[in-house]
Amino acid sequence: MKTISLDISYEEYSSIEEMDPRDQDLVREAIEAQKGSYAPYSGFNVGAAVLLEDGTVVRGSNQENAAYPSSLCAERTAMFAASANHPGVPMEALAIVGGFGHQIAPTPCAPCGACRQVMAEYQTLGGKPLRIIMFGTHKAWVFSRVEDILPFIFDSFNEK
Ligand code: THU
């Protein structure tokens, strides 16, 4: 038996101005996306924006339903829209913001496990790292690839 530890590194910022200008732009897109959030049941509004390799930005927001499981998170709404409308164009970055009452929370909005799995799929499909930006007004985190937020990824290679 041996104990193995993982070493994951990520960047932490304390204001949007400190961030890479391209990341700032994508965060602003996610903030715009949050305006489309329909979340009358949880009251928690999430916005996401995906940057594609060709420079296209696709926005998404969480969409809830009276039948709760029929709802969809902002990140998957954005990624599915990106893949459906721009098939085969690799995804380079994804920014996420969230907060109650259409506010942006001070702490970063971290994606759920199901959304991380979908990120993994599109990163593999695109063949390049997918940068994840979790934004909060007082703290933001930037991860350079999906493995850093989803270790031991299940992908189709696991099935072979
Ligand atoms: N939500 C997202 O849109 N993204 C996440 O990463 C976490 C949660 C949504 C789902 C639901 O509409 C609301 O936030 C509360 O969970």
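Residues numbered from 1 in each chain as written. Predicted model: local features only at pLDDT ≥ 70, side-chain atom pairs only at ≥ 80, totals over all residues. Heavy atoms only, no water.

Asks: Explain the nonpolar core here, please?
Replies: Side chains of nonpolar character tend, in soluble globular proteins, to be buried together. Counting 26 residues, the largest nonpolar core has Met79, Met91, Leu94, Met119, Ile132 and Val146 as the members making the most contacts within it. Elements with a minimum of two residues in this core: β2 (44–52), α2 (74–85), β4 (91–100), α3 (113–126) and β5 (131–135). The element that contributes the greatest number of residues to this core is α3, accounting for five residues. Discounting residues that sit within four places of it in the chain, isoleucine 132 has contacts with Leu94, Ile96, Met119, Trp141, Val142, Phe143, Val146 and Ile149. If you look at the next biggest cluster of nonpolar residues, it comprises 15 residues, including Tyr13, Leu26, Val27 and Ala93. (Core = buried A, V, L, I, M, F, W, Y, C linked by side-chain atoms within 4.5 Å. Buried < 20%, exposed > 50% of the residue type's maximum accessible area, 1.4 Å probe, protein only. Helix = DSSP H or I, 4+ residues; strand = E, 2+ residues; numbered from the N terminus. Contact = heavy atoms within 4.5 Å.)

Asks: Honestly, α3 in this entry has me stumped. Any pointers?
Replies: One turn of the α-helix equals 3.6 residues, which is why residues spaced by three or four share an orientation. Between its first and last C-alpha, α3 extends 20 Å over 14 residues, near the 20 Å set by a 1.5 Å rise per residue. Looking at α3, one finds that the buried residues are Cys115, Arg116, Val118, Met119, Ala120, Tyr122 and Gln123. The inward-facing, buried residues of α3 contact α2, β4 and β5. Once α3 finishes, glycine 127 follows within two positions and takes phi at roughly 75 degrees, a positive value. (Expected span 1.5 Å × (residues − 1).)

Asks: Can you walk me through the sheet that holds β4 in this structure?
Replies: The strands making up a sheet associate through backbone hydrogen bonding, with each pair oriented either parallel or antiparallel. An order of β1-β6-β5-β4-β2-β3 is seen for the six strands of this open sheet, with the pairing classed as mixed. Each edge of the open sheet is held by one strand with a lone partner, namely β1 (11–13) and β3 (57–61). Averaged over all pairs of adjacent strands, the angle between their axes in this sheet comes to 15 degrees, without regard to strand direction. In this sheet, β3 lies alongside β2 in antiparallel orientation, the contact comprising five bridges. Across the sheet, the residue bridging to alanine 49 is arginine 59, located in β3. (Pairing = 2+ DSSP bridges. Axes fitted to C-alpha atoms, helices over the stretch in contact; angles between N-to-C directions.)

Asks: What should I look at first to understand the site of the ligand in this one?
Replies: The local shell around the ligand consists of Ser42, Phe44, Val46, Asn62, Glu64, Cys73, Ala74, Glu75, Ala110, Pro111 and Cys112. Between the ligand and alanine 74, the relevant distance is 2.9 Å, taken from an oxygen atom to a main-chain nitrogen or oxygen of the residue. Glutamate 75 places a polar side-chain atom, nitrogen or oxygen, 2.6 Å from an oxygen atom of the ligand. Protein chains bury 75% of the 370 Å² of accessible surface belonging to the ligand in isolation. Here the residues of the shell around the ligand sort into seven nonpolar, two polar and two charged. (Near = heavy atom within 4 Å. Polar contact = N/O pair within 3.5 Å; in protein donor to acceptor, adjacent residues only side chain to side chain. Areas by Shrake-Rupley, 256 points an atom, 1.4 Å probe, with all protein chains shown as cover. Nonpolar A, V, L, I, M, F, W, Y, C, P; charged D, E, K, R; others polar.)

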